[in-house]
Amino acid sequence: MQKKISKIPFKGTPEQEAQLKAVIAECKDDKSRLMHVMQKAQDIYGYLPYEVQVMIAEGMDVPLEKVYGVSTFYAQFALSPKGKYNVSVCLGTACYVKGSQDVLERICSELGINEGECSADGKFSIEACRCIGACGLAPVFTVNGEVYGKVTPDDVPGILAKYKNAED
Amino acid sequence: MSLDNVCGCSAAEEIIPLNKTNFYKKQRRVALRNCGVIDPENIDEYIAVDGYRALAKSLTELTPQDVIKIVSDSGLRGRGGGGFPTGRKWSFTAANQADQKYVVCNADEGDPGAFMDRSVLEGDPHCIVEAMAICGYATGASEGYVYVRAEYPIAVKRLEKAIEDAKAYGLLGDNIFGTDFCFNLHVRLGAGAFVCGEETALMTSIEGNRGEPRPRPPYPAVSGLFAKPTTENNVETFANIPQIVLNGPEFFNTIGTETSKGTKVFALGGKITNTGLVEIPMGTTLREIVEDIGGGIPNGRKFKAAQTGGPSGGCIPEAHLDTPMDYDSLLKIGAMVGSGGLIIMDDTSCMVDIAKFFLKFTVDESCGKCTPCRVGTRRLLEILEKITDGKGTMEDLDTMEALCYYIKDNSLCGLGQTAPNPVLSSYRHFKEEYIAHVRDKKCPAGVCKNLVQITIDPDKCKGCSLCSRKCPVGAISGEIKKPFVIDQSKCIKCGVCIDTCKFGAISRK
Ligand SMILES: Cc1cc2nc3c(=O)[nH]c(=O)nc-3n(C[C@H](O)[C@H](O)[C@H](O)COP(=O)(O)O)c2cc1C
Ligand code: SF4
Ligand code: SF4
Ligand code: FES
C-alpha cells in the first residue's frame, strides 16, 4: 500500500516533545533502535508526521530519508492521523454494486480530502473498508462506528453537516 | 459405593482423562510441555520443572563441542520452515572466529493462521531464554536478540519479564553459574512486515532498517547481524533444546522418522471439528491428524485438501491422506512442513480461489526489492483473477505454470521463491478444477462468484417474498404465492437469499 505523509498542521505539545526526547536520549547511542524510537513516537503522537520524523532523524543522527523509508516499509507506521470523526466507507461487494464508490467520492469532495487522509482542522478522516456485515443496508458508511445505510451521494452533505456543526 | 454413584453420573458418561481423549491421545508434548502447566511469569515454577538445568549442565559439564554434538545427534531440524539441521547450523557459527557473535530467535510468525510460537512465548518464555543461552555457549556468542512480531504484546511482556527475572537470578548476565560465560538478551519488535520472517530480512530489521532481504552468501554464520557470525533459529526449534541437552539425543531421536526426528507442533484449523495446537511425533499421517485428533470434517462434508506451510506451502489432496507428516515425504508430494500452519478444506472450498487468496497475500507482502517477485507475483495474480472471472484460456494455464517456475527460480529470497507454491501444488493435484474454470466456465465448488448462478427452484418456491425483501440489490422479483425469479444481471451472489429461504428453494450452482 502506498502511504502519503499528512499535510495537516502538526499540533504536538511540549509534553509530547519532552516524552519523545526522553526516548531518544535513552536510545541514541544505538542506531539499531531507530524502529523502537519510531514505535514509541507513534504511541506518543498517534502517527508519525513530518515534524516528528525530523525530530527522530536529528535526535538519532540518521538521515531523514532513512526514517521516512522505515516508516513507509512497515504496515504499522501511520503517516496520517485519524480525525476526530473517522468516516469509513464500505467498498465491499454489495455496497460497491449499490454505488458506494460514488458515495465515497462525494464524501471526499465534501470534506476536501482523499481516502486515507485527515482534514486540516483534524476533524475528519476518511478510509475505505471491507464488508462490515450490513449488506442489507448497502451502500453503507460509518462515522465513528455510527452506521448510515441506504445512502445516496446526495444524502452525504446532510449527514456530514451534523458532525461539522457539532460542538468541539 | 462406586464413584459414579456419588457424582450421580452413569459409567457411560465417565469423565475421560485429558490424555485419553482422541484429541490428546496421539499427541506428544516436547516443545509445548510446559504450556498451560506452569505459571509463565514465575521463574520458580520453571525451575521446579527442571528449568535452567540444561544450561547448568552445559556450562559446568559440557564443552561447546559436546553441546553441538548432542544437538546434532538428536537429529533436530529447524522448525521455522526450512528444516535445516540445527546442530550443523550451530557448528558453522562456532567454527567462525570473531570478536562478537550473536544468537537470534525468530518469533515473527508470519504465516496467517499459525500460532505455535506465540503459545511457547506466552506459555513458557524461560525455555526460550535458556535455549538461547545454551546456543550462545555452544557457538561462542554473548549477545542474543528475540525478534517478536508486534501483534504479540503478551508474548513480549512475558519474555521481558522472563529476561529480567533470569538476570536477577544470575541466569543471564556475567559469569553465569560461576563460569566465565556471559550472555545478554534483548527483545526487538517487528512492525507488520511478513518478509521480516526471512532470516536476512529479520537481521536487517533488527539493525533498524527497512526489512529487505540480503543476498546469500555470505550466510549468517559468516556475516549475519551487524555483519557478525550469527545463529538464527525459530522459537519452536529453541523450545526443544533444553529437553534434548538434559535428556540426551536419544530422548529426541527415538521419536519421529528416519530423517525427521522429534515432534512438530501444527496449528490445526479450517473445516475441521477440533481446532487448536497439536504436537505430534514427526511421521504421524495426515489421516490420523484429520480423523482421530481433528475429529473429522464437520457438517457431514467431505475432506478435500489440507494446506500446509501457509502462503509458502502447498496442498495435500485426499489421495495423499496417508502421507506421513515429515519434511521429506511432504516435499515429495509438492507440499512442505513449513512453520506448521495446517488448514483443512472441505468440498465447499475452491482450490483456484484458495491459491488466489494466498497469492494476494504474497503480492501485498513482497518487499519489492527484486523484480521477479514484485512484478511476477502480480502478473500471476492477474492470471488467476482472469481464470476465476471465467475469462481464462487454456494458454493462460501454460503461461501461469511457466511464470510460476520463473518466479521460483529468479527471486532473491524465500518469499518470492515459494510464492508460486500454492498455485503449483493446487494445479498439480486439482488440474481438472482449473480446467473446469477455463473450459467449462464453471466453479465446481460454487465459490467463484462470476462462475456461479443463484437460482430459485420454481417447484420449491412458495412465493413468500421473504428473499426479495432481503436481497441487498433488489434482484429478486415476483408475485406473492407464485414462484419468484432472480435477475441474473443484478445478482451479486451474496447468498443472503439462500440463507433466508425457509423452503430451501434457492441454490448456488
Ligand atoms: C518469507 C519468509 C518468511 C519466513 N517467516 C518465518 C517466520 O515467521 N518464523 C520463522 O521462524 N521462520 C520464518 N522463515 C524462515 C527463516 O528464514 C529461517 O529459515 C528460520 O527462521 C530458521 O530457523 P530454523 O532453522 O530454526 O527453522 C521465513 C522465511 C521466508 C522466506
Ligand atoms: S523475493 Fe520478493 S520479498 Fe524477497 S527480496 Fe525479492 S521482492 Fe523482496
Ligand atoms: S444471491 Fe444475493 S444478490 Fe443474488 S439474488 Fe440472492 S440475495 Fe440477491
Ligand atoms: S458489502 Fe458493505 S456492508 Fe457488506
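Residues numbered from 1 in each chain as written. Chains lettered and ligands numbered in written order. Predicted model: local features only at pLDDT ≥ 70, side-chain atom pairs only at ≥ 80, totals over all residues. Heavy atoms only, no water.

In this section: the site of ligand 2. In the vicinity of ligand 2, 13 residues are found, and the nearest of them are Cys367(B), Lys369(B), Cys370(B), Cys373(B) and Cys413(B). Of the residues belonging to the shell around ligand 2, the class tally is eight nonpolar, four polar and one charged. (Near = heavy atom within 4 Å. Nonpolar A, V, L, I, M, F, W, Y, C, P; charged D, E, K, R; others polar.)

It is worth spelling out the nonpolar core at this point. Considering soluble globular proteins, one finds that nonpolar side chains tend to be buried as a cluster. One finds Trp90(B) and Phe238(B) to be the most contacted residues of the largest nonpolar core, which totals 64 residues. At 10 residues, the largest contribution of residues to this core is made by helix α8 (residues 125–139) of chain B. Beyond its immediate sequence surroundings of up to four residues, Phe238(B) is in contact with Trp90(B), Val103(B), Val104(B), Cys105(B), Ile128(B), Ala131(B), Met132(B), Cys135(B) and Asn233(B). Counting residues in each nonpolar core, the second largest holds 44 residues, with Tyr45(A), Tyr74(A), Met203(B) and Cys367(B) among its members. (Core = buried A, V, L, I, M, F, W, Y, C linked by side-chain atoms within 4.5 Å. Buried < 20%, exposed > 50% of the residue type's maximum accessible area, 1.4 Å probe, protein only. Helix = DSSP H or I, 4+ residues; strand = E, 2+ residues; numbered from the N terminus. Contact = heavy atoms within 4.5 Å.)

What follows covers the interface of chain B and chain A. How big an interface is tends to be stated in terms of the accessible area lost upon association of its parts. Taken residue by residue, the interface counts 25 residues in chain B and 22 residues in chain A. At the boundary of chain B with chain A, total buried surface from both sides reaches about 1700 Å², with 58% on carbon and sulfur atoms. Together, Ala191(B), Arg210(B) and Pro472(B) form the three largest contributors to the area buried by chain B at its contact with chain A, with a combined 32%. Linking chain B with chain A are one salt bridge, by the criterion used here. Of the charged contacts in the structure, one is a salt bridge between Asp30(A) and Arg188(B), with a shortest N-O distance of 3.5 Å. Remark: the boundary between chain B and chain A carries 11 residue pairs in polar contact (both at pLDDT 80 or more). For the side of chain B that touches chain A, the elements supplying multiple residues, two or more each, are β3 (184–189) and α10 (199–206) of chain B. (Buried area = accessible area lost by both parts, 1.4 Å probe. Salt bridge = Lys/Arg side-chain N within 4 Å of Asp/Glu carboxyl O. Polar contact = N/O pair within 3.5 Å; in protein donor to acceptor, adjacent residues only side chain to side chain.)

In this section: the domain arrangement of chain A. Considered domain by domain, chain A is made up of domain 1 (14–73) and domain 2 (85–164). Just the C-alpha atoms count here: the centres of domain 1 of chain A and domain 2 of chain A sit 33 Å apart. (Domains from an automatic or database assignment.)

This paragraph deals with the domain arrangement of chain B. Residues and elements named next belong to chain B. What the domain assignment lists for chain B is domain 1 (30–253), domain 2 (263–346), domain 3 (351–440) and domain 4 (453–508). Distance from the C-alpha centre of domain 2 to the C-alpha centre of domain 3: 22 Å. Per-residue buried area on domain 2 facing domain 3 is highest for Lys304, Pro311 and Cys315; these three make up 42% of the total on that side. Between domain 2 and domain 3 we count one salt bridge in total. The partner of Glu433 in a salt bridge is Lys304, with the nearest N and O atoms 2.9 Å apart. Our count for the contact surface shared by domain 2 and domain 3 stands at six residue pairs in polar contact (both at pLDDT 80 or more). Per-class residue counts for the side of domain 2 that touches domain 3 are seven nonpolar, seven polar and two charged.

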